[in-house]
Amino acid sequence: MKVLVVGGGPGGLFFGILLKRARPDIAVHVVEQNPADATYGWGIGLTDSALDALRPSAPEVVSDLSDGADVTDEMEFTLDGKSLRVHASTFYRVARIVLLEKLQQWGRAAGVTFAHNERVETSDELAGWDLVVGADGVNSRVREMFSEVFKPDISYGNNWFAWYGTAQLFGTPSLIFLNRPEGVFVGHASQYSPDRSNFLVELSPEAYYGARFDTLGEEASRLRCEEIFAESLHGGRLYTNKSLWFQPKFVRCAGSWSHDNVTLLGDALHTVHPSLGSGTRFAMRDAVYLVDALVSASWDVPAAFRSYEESRRDVAEAFQRAAVRSIGWYERLQDRPPRDLAKMTLEYVMRTGRVRYEEFRRRNPEMMSAYETPQP
Ligand SMILES: Cc1cc2nc3c(=O)[nH]c(=O)nc-3n(C[C@H](O)[C@H](O)[C@H](O)COP(=O)(O)OP(=O)(O)OC[C@H]3O[C@@H](n4cnc5c(N)ncnc54)[C@H](O)[C@@H]3O)c2cc1C
């Protein structure tokens, strides 16, 4: 059996590793358009529940991914200069490039072959393989090739994002909210290596156009964001890595998840919002489900595709609904600018409905008793 994986992101790489481990005699080939050591963006966060969910399928690989990662269960919220820390999910932060390099190493060790700097463009290139997996991200070419079958439902978020790095170390992941005349500005910051943090800037359309970011290039935008967030950055620099403004693209495949011997996983199949910080885990979990389906169907590809979709679609759609609630929360900030730090923090924590009030209260008794005590 010969398997082609289009895209060497976390989803495609993890799929290759798991497949090779399940059936070492299968040839698994990953085609990736970028060089082996290139990536966009900076660091990503994985929660302990994400790692726990992935661990049983490849314990040593998952331990390696979290080895040396920064770990914390605290989050800091800042509103117009005032800050509050709470206990929230436990987060492991890693550089995306380190995650990809580790997965590539595990893939090579398992016998996966790679072609970097190669881009799949046409369906002719998918011929001759017994199984093809489109793991080629949010702008998936494979999804486009068979869009009449996958029926992608594509939309864009209203808010604008630019993804920077900084040497200012946000050891506690931080959400920074600034009410400014142009609108609400949000900085999502977290350390992911000994000397670097992510700094993702999120703006409502009012803030984006009001501050004229639509007229600024990458460097001018960086400087402007540095100025605006100077207090939180302690006057430090922001760094760019293809840090162009974007509105997140949301993908959901309303049609079948497979066509003949071709299927999709990860962002190519369905995205979650950056604010949920779960796209990597989501893509890697798809890989687990797909390999499990192949093993359970004794490598009968059509039967495996049916079971992959049956077992994964509901969970995936529930997760996407949580992402929509998260997006909505951020997008509504412009109409209801946050004024009270504790209230805003609580609303943030509860925004997707996945965290229980009582559980949060148990973990943050001081903050919650201050919040619940009526003010004179
Ligand atoms: C600003 C931002 C912050 C984020 N933060 C987090 C976070 O904290 N935690 C988290 O879990 N997730 C986060 N995510 C989401 C996460 O990055 C993605 O959901 C995840 O990378 C999806 O994995 P994937 O393997 O499906 O796709 P990708 O990681 O996009 O990988 C797809 C790969 O396919 C390659 N490719 C594309 N087209 C072709 C082609 N035609 N031929 C060959 N190769 C091709 C691409 O170069 C790429 O390497 C964030 C995303 C953004 C934008």
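- The name an unreviewed UniProt entry gives the protein chain is Monooxygenase, with Amycolatopsis alkalitolerans as the organism.

Focus: the nonpolar core
So, step 1. Counting residues in each nonpolar core, the largest one holds 75 residues, and the members touching the most others are Phe14, Phe15, Leu19, Leu103, Leu126 and Leu294.
So, step 2. Broken down by element, the residue count for this core peaks at 9 residues, all from helix α10 (residues 279-296).
So, step 3. Contact partners of leucine 294, with chain neighbours within four places excluded, come to Phe15, Leu19, Leu131, Trp299, Val301 and Ala304.
So, step 4. In this structure, Leu79, Ala88, Trp329 and Ala342 belong to the second largest nonpolar core, which totals 22 residues.

Section: the pattern of salt bridges
So, step 1. Counted under the stated rule, the structure contains 23 salt bridges.
So, step 2. Put simply, glutamate 121 and arginine 141 hold a salt bridge, and the shortest N to O gap is 3.1 Å. Here arginine 141 lies in helix α5 (residues 141-145) and glutamate 121 lies in the loop between β6 (113-115) and β7 (131-134), a separation of 20 residues in the sequence.
So, step 3. Owing to a relative accessible area of 34%, glutamate 121 belongs among the partly exposed residues under this scheme.
So, step 4. We note a salt bridge from glutamate 182 to arginine 224, for which the minimum N-O separation is 3.9 Å.

Examining the sheet that holds strand β10 (residues 174-180)
Strand pairing in a sheet relies on backbone hydrogen bonds. The paired strands run either parallel or antiparallel.
So, step 1. Within the open sheet, the 8 strands sit side by side as β3-β5-β4-β10-β11-β12-β9-β13. Their pairing is mixed. Pairing within the sheet leaves two strands with one partner each, and these edge strands are β3 (43-47) and β13 (238-239).
So, step 2. Packed onto the sheet, helix α4 (residues 96-110) meets β3 and β5 (82-95) and runs at close to 25° relative to β5.

Considering the environment of valine 262
So, step 1. Considering the arrangement of structural elements, one finds valine 262 in strand β16 (residues 262-264).
So, step 2. Between the alpha carbons of valine 262 and glutamine 33 there is a distance of 19 Å; along the sequence they are 229 residues apart.
So, step 3. If we skip the residues at most four places from it in the chain, valine 262 touches Leu126, Val132, Val142, Phe146, Phe150, Trp257 and Phe305.

Remarks on the pairing of β10
So, step 1. The element β10 is largely enclosed, with a buried count of 5 among its 7 residues.
So, step 2. As defined by bridge partners, strand β4 (residues 70-79) adjoins β10 across 4 bridges and the pair is classed as parallel. The residue of β10 that forms the bridge with leucine 79 is phenylalanine 177.
So, step 3. Two elements, β10 and strand β11 (residues 183-193), share 7 bridges in a ladder whose sense is antiparallel. Among the inter-strand pairings, asparagine 179 is bridged to a residue of β11, identified as valine 184.

Notes on the site of the ligand
So, step 1. Within the structure, the ligand sits among 33 residues, and Gly11, Glu32, Arg96, Asp267 and Thr280 are positioned closest to it.
So, step 2. Proline 10 is positioned with one of its backbone polar atoms (N or O) 3.4 Å from an oxygen atom of the ligand.
So, step 3. In this structure, an oxygen atom belonging to the ligand sits 2.9 Å away from a main-chain N or O atom of threonine 280.
So, step 4. When the free accessible area of the ligand is taken as 1,000 Å², the share hidden by the protein chains comes to 90%.
So, step 5. Residue assignment for the shell around the ligand shows that the elements contributing at least two residues are α1 (10-22), β3 and α10.
So, step 6. Among the elements that take part in the shell around the ligand, α10 stands out by supplying 4 residues, more than any other.
So, step 7. Considering only residue class, the shell around the ligand consists of 12 nonpolar, 13 polar and 8 charged.

Quick notes on the rules
- Residues numbered from 1 in each chain as written.
- Predicted model: local features only at pLDDT ≥ 70, side-chain atom pairs only at ≥ 80, totals over all residues.
- Heavy atoms only, no water.
- Core = buried A, V, L, I, M, F, W, Y, C linked by side-chain atoms within 4.5 Å.
- Buried < 20%, exposed > 50% of the residue type's maximum accessible area, 1.4 Å probe, protein only.
- Helix = DSSP H or I, 4+ residues; strand = E, 2+ residues; numbered from the N terminus.
- Contact = heavy atoms within 4.5 Å.
- Salt bridge = Lys/Arg side-chain N within 4 Å of Asp/Glu carboxyl O.
- Pairing = 2+ DSSP bridges.
- Axes fitted to C-alpha atoms, helices over the stretch in contact; angles between N-to-C directions.
- Near = heavy atom within 4 Å.
- Polar contact = N/O pair within 3.5 Å; in protein donor to acceptor, adjacent residues only side chain to side chain.
- Areas by Shrake-Rupley, 256 points an atom, 1.4 Å probe, with all protein chains shown as cover.
- Nonpolar A, V, L, I, M, F, W, Y, C, P; charged D, E, K, R; others polar.

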